[in-house]
Amino acid sequence: MLFRLGMRGNGLELGAQPQGVLLADIYLRHEQLVHTCLDFIHKFNQGQVFPSETLEVHRILHVVDYPRNKDNELTAMIHPELQYKDWHPLKPGDPMFLGLAGETVKYDGDSAIYPAFINEAAYYEKGIAFWATKKETLNVQQLQVKT
């Protein structure tokens, strides 16, 4: 984490990586990402001008829990058509959960969302099946250190 490098801090997360497991490819990608961030900070501090551009982001809307019964026990799992589809659109009517009795629970929202962190083991106890996000495009102004 780069929490000490800026006024507001930064967090970086790469995956997918199972909880409690160290994967060499993810570690190496993360190391490269940290070095890229540090290179950017160095260039910025040296006065390099970064041109205006657009940036695609996903803004968190809310969390979606698993279907549960009155005893708070799971009654469904992530549907196979949604599993491994982080950051892909989930449109109204698309399969979202597969009930333990075999029934499909479809997404009934008004517009597409972009699920993230789908079926993460660490989120079961927190009541999170996935994070619902929306895709946005930001216009980033030219960036240069103020002298």
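Here, the structure is the one placed above.
Residues numbered from 1 in each chain as written. Predicted model: local features only at pLDDT ≥ 70, side-chain atom pairs only at ≥ 80, totals over all residues. Heavy atoms only, no water.

Caption draft 1: A look at the overall build of the protein chain. Each helix and strand counted, the protein chain has 1 helix and 6 strands in total. Listing each helix as α and each strand as β along the protein chain from the N terminus yields α-β-β-β-β-β-β. A compact globule built from 147 residues would reach a C-alpha radius of gyration of about 15 Å, whereas the protein chain, at 19 Å, exceeds it by more than 25%. Reported as C-alpha extents along the three principal axes, the dimensions of the protein chain are approximately 65 × 35 × 25 Å. For the protein chain, with 147 residues in total, the buried portion stands at 20%. (Helix = DSSP H or I, 4+ residues; strand = E, 2+ residues; numbered from the N terminus. Rg over C-alpha atoms; globule rule 2.2 N^0.38 Å. Buried < 20%, exposed > 50% of the residue type's maximum accessible area, 1.4 Å probe, protein only.)

Caption draft 2: Fine view of the packing of aromatic side chains. This structure, assessed with the given rule, holds 7 aromatic pairs. For the ring pair Phe40 and Phe44, a centre distance of 6.3 Å and an interplane angle of 20° mean the geometry is stacked. Note that Phe40 and Phe44 are positioned in helix 1 (residues 24–45) at a spacing of 4 residues, about one turn of the helix. Note on Phe40: relative accessible area 34%, which makes it partly exposed. Between Tyr66 and Phe97 the ring centres are 5.9 Å apart and the planes differ by 55°, which places this aromatic pair in the tilted class. Remark: Phe97 occurs in strand 3 (residues 95–99) and Tyr66 occurs in the loop between strand 1 (53–64) and strand 2 (76–78); sequence separation between them is 31 residues. Under the relative-accessibility criterion, Tyr66 is labelled buried at 3%. Of the aromatic side chains, those joined through ring pairs into one cluster are Trp87, Phe117, Tyr123 and Trp131. (Phe/Tyr/Trp six-rings, centres within 6.5 Å; stacked < 30°, edge-to-face > 60°.)

Caption draft 3: Broad picture of a nonpolar patch on the surface. On the surface, Leu22, Tyr27 and Leu28 cluster together to form a nonpolar patch covering roughly 360 Å² of accessible area. Take Leu28: it is sitting in helix 1. (Patch = residues over 30% accessible without salt bridge, like charges linked within 9 Å, V, L, I, M, F, W, Y side chains within 5 Å. Areas by Shrake-Rupley, 256 points an atom, 1.4 Å probe, with all protein chains shown as cover. Salt bridge = Lys/Arg side-chain N within 4 Å of Asp/Glu carboxyl O.)

Caption draft 4: Just the pairing of strand 6 (residues 130–140), in detail. The pairing of strand 1 with strand 6 spans 11 bridges and is antiparallel. For Glu53, the partnering residue across the bridge sits in strand 6 and is Val140. The pairing of strand 5 (residues 114–116) with strand 6 spans 3 bridges and is antiparallel. If you follow Ala116 over to strand 6, its bridge partner there is Trp131. (Pairing = 2+ DSSP bridges.)

Caption draft 5: Representation of the pattern of salt bridges in the model. By the definition in use, this model includes 5 salt bridges. Close ionic contact of Arg59 with Glu136 constitutes a salt bridge, the shortest N to O distance being 2.9 Å. Here Glu136 lies in strand 6 and Arg59 lies in strand 1, a separation of 77 residues in the sequence. Note on Arg59: relative accessible area 42%, which makes it partly exposed. Among the salt bridges present, the one from Lys126 reaches Glu125, with a minimum N-O distance of 3.9 Å. Of the two residues examined, Lys126 and Glu125, each falls in the exposed class.

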